[in-house]
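Secondary and tertiary structure notes
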Amino acid sequence: MDTKELAKGLSEGFISLLFFLVLLEVTLQIYTRIAIYYDVEMSRYAVEIKQKAENPKIGHVHTPNASAYLMGVDVDISSDGFRDEEYDKERGEKYRIVVLGDSLTFGWGVEKEDTYEVLLEQMLSESRPTEMINTGHGNYNTSQQVNLFKDKSIEYNPDKVVVFFFINDAEQTPVRSSWLWVSRLRSVTFLWSRARGLLSRGGDGQTFESFYSSLYEDDQPGFIEMKNAFLELKGLTEERGIELQVVMIPELHNLVDYPFAAEYAKVYDFLTGNGIDTIDLTEQFAGYEDAPGLWVAPDDAHPNA
């Protein structure tokens, strides 16, 4: 094959590939407007709602007053960056609780009025006037939650802080990518999602369960960081006379033979051993056979309403 034929072949291949990618992008742009696809929705959340935080220990925060339609529900962010109502920093007469957490607390895929923060606020208000400020952010670990509290939500001078803990809260704080704009392309998100799925089934033998279990080995930096964050939060709240409580939420893939019982027991023992009031909800869900019935979508095990 001479040089001209080689160049022609490469050009035709490039044009064919470009045509395929454009067609894929257009198809996915149309499809994802009528169907919910988890990875695309997460990418949209990162681009349309999040922004880089000034504090690298936080990583990212919500853009004030941002809004988007994600996972089939409206998401509206307050002027202070929370998926909640506007609250004055000055205290009123209501008992005030600041809620820390990740995407479960944020209410991923759930209407705002159906989030457990709103429902708890309503239930508690039957006994005494209560307001709960939801500071949950998707993709936050415990360290990020505590640093956000130090930087921002401590200014609300709460009576109580409640941390909603989840199995992935011992992950290390991610570095926000400078290539995040690329995720606006549905084709990039789709192809990366497929490639990641294939890689996760590679030959290293690591499963979903073993990955999360490995986070809680004593020498893991994320686990060490998580424990230090809890102790720091305990110190901050004690100094100011603020109540502190942790609520542990089970992972919803397998509730019959729960794979993270040892990890949750380890965290529970650490918290209670350091005088932190803790509730583990795992037992309340134990043996539930229709775990997918609790999911927000068939490919997304975030809890539904």
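I will try to describe carefully the structure that is included in this document. (Residues numbered from 1 in each chain as written. Predicted model: local features only at pLDDT ≥ 70, side-chain atom pairs only at ≥ 80, totals over all residues. Heavy atoms only, no water.)

Here the focus is the nonpolar core. Among the nonpolar cores identified, the biggest contains 54 residues, and F165, Y216 and F230 are the most heavily contacted of them. Those elements that place two or more of their residues in this core are β5 (95-100), β6 (130-134), α5 (142-151), β7 (160-165), α8 (221-239), β8 (243-248) and α9 (261-273). Excluding its chain neighbours within four sequence positions, the residues that come into contact with F165 are T142, Y216, M226, F230, V246, V247, M248, I249, Y264 and V267. Within the second largest apolar cluster, 14 residues are counted, among which are I49, A68, V75 and W108. (Core = buried A, V, L, I, M, F, W, Y, C linked by side-chain atoms within 4.5 Å. Buried < 20%, exposed > 50% of the residue type's maximum accessible area, 1.4 Å probe, protein only. Helix = DSSP H or I, 4+ residues; strand = E, 2+ residues; numbered from the N terminus. Contact = heavy atoms within 4.5 Å.)

Right, let's talk about the pairing of strand β4 (residues 73-76) for a bit. Burial of β4 is one-sided: the residues V73 and V75 facing one way are buried, the residues D74 and D76 facing the other way are not. Relative to β4, strand β3 (residues 67-70) is paired through 4 bridges, and the arrangement is antiparallel. What sits directly across from L70, in β4, is V73. Connecting β3 to the next strand, β4, in antiparallel fashion are 2 residues, including M71 with a positive phi near 55°. (Pairing = 2+ DSSP bridges.)

The next thing to look at is the pattern of salt bridges. Applying the stated rule across the entire model yields 12 salt bridges. Note that D80 and K152 form a salt bridge whose closest N and O atoms lie 3.8 Å from each other. In this pair, D80 sits in the loop between β4 and β5 while K152 sits in the loop between α5 and β7, placing the two residues 72 residues apart along the sequence. Taking relative accessible area as the criterion, D80 reaches 16% and is therefore assigned buried. A salt bridge links K266 to D218, with the nearest nitrogen and oxygen atoms 2.7 Å apart. Of this pair, K266 sits in helix α9 while D218 sits in the loop between α7 (208-214) and α8, and the two are 48 residues apart along the sequence. (Salt bridge = Lys/Arg side-chain N within 4 Å of Asp/Glu carboxyl O.)

What follows is about the environment of G287. Looking at where G287 falls in the secondary structure, it is placed in the loop between α10 (282-285) and β10 (295-297). Given the relative accessible area of 40%, G287 is considered partly exposed. C-alpha of G287 to C-alpha of L255: the two residues are 32 residues apart in sequence and 5.5 Å apart in space. When residues no more than four places from it in sequence are discounted, the contact partners of G287 are L255 and V256.

In this section: the packing of α5 against α8. Remark: α5 packs on α8, axes separated minimally by 8 Å, with the N-to-C direction vectors making an angle of 30°. As far as their axial angle goes, α8 and α5 are roughly parallel. For the pair α5 and α8, the crossing hand works out as left-handed. Where α5 abuts α8, its residues T142, S143, V146, F149 and K150 lie against E225, M226, A229, F230, E232, L233 and L236. (Axes fitted to C-alpha atoms, helices over the stretch in contact; angles between N-to-C directions. Parallel < 35°, antiparallel > 145°, perpendicular 65-115°, else oblique. Left-handed = near helix turned anticlockwise from the far one by under 90°.)

A few words now on the pairing of β7. Across the 6 residues of β7, 6 count as buried, placing the element largely inside the fold. Across 4 bridges, the pairing between β5 and β7 is parallel. Pairing of L100 across the sheet is with V163, part of β7. In this structure, β7 lies alongside β8, joined through 6 bridges in parallel fashion. Residue F165 lies in a different strand from β8, and its bridge partner there is M248.

Next up on the list: helix α4 (residues 116-125). Three or more residues of α4 are buried, namely E117, V118 and E121. Relative to the axis of α4, the buried residues are bounded by an arc of 100° and lie together on one face. Where the residues of α4 are buried, they touch β5 and β6. (Arc of directions from axis to C-beta.)

With that settled, the discussion passes to the environment of Y116. Mapped onto the secondary structure, Y116 falls in helix α4. In this structure the C-alpha to C-alpha distance between Y116 and A305, which are 189 residues apart in sequence, comes to 8.2 Å. Filtering out sequence-adjacent residues up to four positions away, Y116 remains in contact with L104, T105, F164 and I249.

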